[in-house]
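Summary of structural features
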Amino acid sequence: CAPDTSRTALTCRPPTGLPVFSVISIEVNQGVHDDFGRLFLAVFRSTFQTRDTIAPVLLGVHLVQGQVALQWSKAVAVGSGSVELRAVLDGDALGPLLPGAYSYSNGNRTVIFKPNTPLPADAVVQVSISGWTDVFTNAAEPFTGILDSRVHDGPALTLTSDVGSTAVFGQPVTLTAT
């Protein structure tokens with residue numbers, strides 16, 4: 001710890017820095033004294049939380065029932081970002097921006113962009129996502145990609161066991177979803 005030039009403030013900096021988003025407690029005991037040798041009258045205690053410096057990460061973008069669902073690694077600030085949605089036309093040309101509204105769920109880790117006119121079942125759209133932050137203003141990376149609702153590869157299950165692709169009573173089996 002080191003005092004400032006006026007000797008009225010003491011700054012303590014740990015050599016490795018403080019951990020992110022952690023509760024820190026500080027205690028100054030009565031053994032500390034000023035320049036005149038006067039001791040503190042009482043123990044000083046303070047507890048605070050360090051700032052979260054980790055940006056939200058976009059985990060997935062999906063077309064769900066004519067809407068675009070964004071899944072984030074952590075809560076995003078309501079209204080902090082935007083979703084720009086444009087239909088992909090013949091020859092990869094883009095249509096006009098599709099207006100819509102946002103809704104939030106899962107503790108603001110899921111954002112739904114619902115176009116005013118739901119997307120058709122065979123939609124191909126370009127989605128651009130930008131400006132999203134968490135409540136600490138940590139900015140997420142922007143994303144642009146093509147979403148195609150014509151791709152309907154459903155999940156598949158595969159069963160494996162010690163005796164091949166059949167289950168035998170008393171033998172362990174593994175179900176794998178793809």
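Bear in mind the structure is a predicted one, so any value in this text is a computation, not a measurement.

For Asp52, the position within the fold is in the loop between strand 4 (44–49) and strand 5 (58–64). Judged by its relative accessible area of 7%, Asp52 falls in the buried class. Along the chain, Asp52 and Val135 lie 83 residues apart, while their C-alpha atoms are 9.2 Å from each other. Setting aside its immediate chain neighbours within four residues, Asp52 contacts Val20, Phe21, Lys74, Asp134, Phe136 and Asn138. Among the polar contacts made by the side chain of Asp52, one reaches the side chain of Lys74 at a distance of 2.5 Å.

Turning next to the packing of aromatic side chains. For the structure on display, the rule yields 4 aromatic pairs. Judged by centre distance (6.4 Å) and plane angle (65°), the ring pair of Tyr104 and Trp132 falls under edge-to-face. Of this pair, Tyr104 sits in strand 9 (residues 100–105) while Trp132 sits in the loop between strand 11 (124–130) and strand 12 (143–148), and the two are 28 residues apart along the sequence. Overall, Trp132 belongs to the buried group, its relative accessible area being 1%. Chaining the aromatic ring pairs together yields one cluster made of Trp72, Tyr102, Tyr104, Phe113 and Trp132.

Another point: the sheet that holds strand 5. Taken in spatial order, the 4 strands of this open sheet run 5-6-10-9, and their pairing is antiparallel. The open sheet is flanked by strand 5 and strand 9, the only strands paired with a single partner. Across the sheet, the mean angle from the axis of one strand to that of its neighbour is 20°, orientation sign disregarded.

A separate point is the nonpolar core. Counting 17 residues, the largest nonpolar core has Val68, Leu70, Trp72, Val127, Ile129 and Trp132 as its most contacted members. Going through the elements one at a time, strand 6 (67–72), strand 7 (82–88), strand 10 (110–115) and strand 11 are the ones with two or more residues in this core. Beyond its immediate stretch of four places on either side in the chain, Val127 contacts Val61, Val68, Val83, Glu84, Leu85, Phe143, Thr144, Gly145 and Leu147.

Time to look at the pattern of salt bridges. For the coordinates displayed, the defined rule picks out 4 salt bridges. Where Asp35 meets Arg7, a salt bridge forms, and the shortest distance between an N and an O atom there is 2.6 Å. Residue Asp35 is located in the loop between strand 3 (23–28) and strand 4, and its partner Arg7 is located in the loop between strand 1 (2–3) and strand 2 (10–11); the two are separated by 28 residues in the primary sequence. This pair shows no difference in class: Asp35 is exposed, exactly as Arg7 is. For Glu27, the salt bridge goes to Arg45, with nearest N and O atoms at 3.0 Å. Of the two residues, Glu27 is situated in strand 3 and Arg45 in strand 4; the sequence distance between them amounts to 18 residues.

On the surface, a cluster of nonpolar side chains totalling about 350 Å² of accessible area is made up of Leu18, Ile26, Phe44 and Phe48. Examined against the element boundaries, Ile26 turns out to sit in strand 3.

Before going further, it helps to examine the environment of Ala55. By the element assignment, Ala55 lies in the loop between strand 4 and strand 5. Look at Ala55 and you get partly exposed, because its relative accessible area is 26%. Sequence-distant contacts of Ala55, that is, excluding residues within four places in its chain, are made with Ser73, Lys74, Asn138, Ala139 and Ala140.

As a further point, take the pairing of strand 10. Across 4 bridges, strand 6 lies against strand 10 in antiparallel orientation. Residue pairing across strands places Ala69 opposite Ile112, the latter belonging to strand 10. Bridging between strand 9 and strand 10 involves 6 bridges; their strand directions are antiparallel. Looking at the pairing, Gly100 lines up with Pro115 of strand 10. The hairpin formed by strand 9 and strand 10 contains 4 residues between the paired strands, and Asn106 there has a positive phi angle of roughly 55°.

Reading the values: the criteria
- Every residue gets a number counted from 1 within its own chain, in the order that chain's sequence is written.
- Residue-level local features of this predicted model are given only where pLDDT is at least 70; pairs of side-chain atoms are given and counted only at 80 or more, and the full residue set underlies all totals for whole chains, interfaces and linings.
- With hydrogens and water excluded, all non-hydrogen atoms of the structure serve as input to the side-chain values.
- The secondary structure listing takes helices from DSSP runs of H or I that are at least 4 residues long and strands from runs of E that are at least 2 residues long, numbered from the N terminus.
- Each residue is assigned to one of three classes by its accessible area relative to the maximum for its type, calculated with a 1.4 Å probe on protein chains only: buried under 20%, partly exposed between the two thresholds, exposed over 50%.
- Should any heavy atoms of two residues lie within 4.5 Å, those residues are considered in contact.
- Polar contact is defined as a pair of N or O atoms within 3.5 Å, subject to the rule that within protein one atom must be able to donate a hydrogen and the other to accept it, and that residues adjacent in sequence are counted only when both atoms are side-chain atoms.
- Any two rings among Phe, Tyr and Trp, with Trp reduced to its six-membered ring, count as a pair given centres within 6.5 Å; such a pair is stacked if its planes are under 30 degrees apart, edge-to-face if over 60, and tilted if neither.
- Any two strands between which DSSP finds at least two bridges are classified as paired.
- Angles run from 0 to 180 degrees between N-to-C directions of axes, and those axes are lines fitted to C-alpha atoms, restricted for helices to the stretch in contact.
- In these notes, a set of buried Ala, Val, Leu, Ile, Met, Phe, Trp, Tyr and Cys residues joined through side-chain atoms within 4.5 Å is what counts as a nonpolar core.
- When a carboxyl oxygen of Asp or Glu lies within 4 Å of a side-chain nitrogen of Lys or Arg, that pair is called a salt bridge.
- Two joining distances apply to patches: 9 Å for like charges and 5 Å for nonpolar side chains (Val, Leu, Ile, Met, Phe, Trp, Tyr), and every residue must have over 30% relative accessible area and no salt bridge.
- Each accessible area value is a Shrake-Rupley result obtained with a 1.4 Å probe; residue values ignore everything except the protein chains displayed when judging cover.

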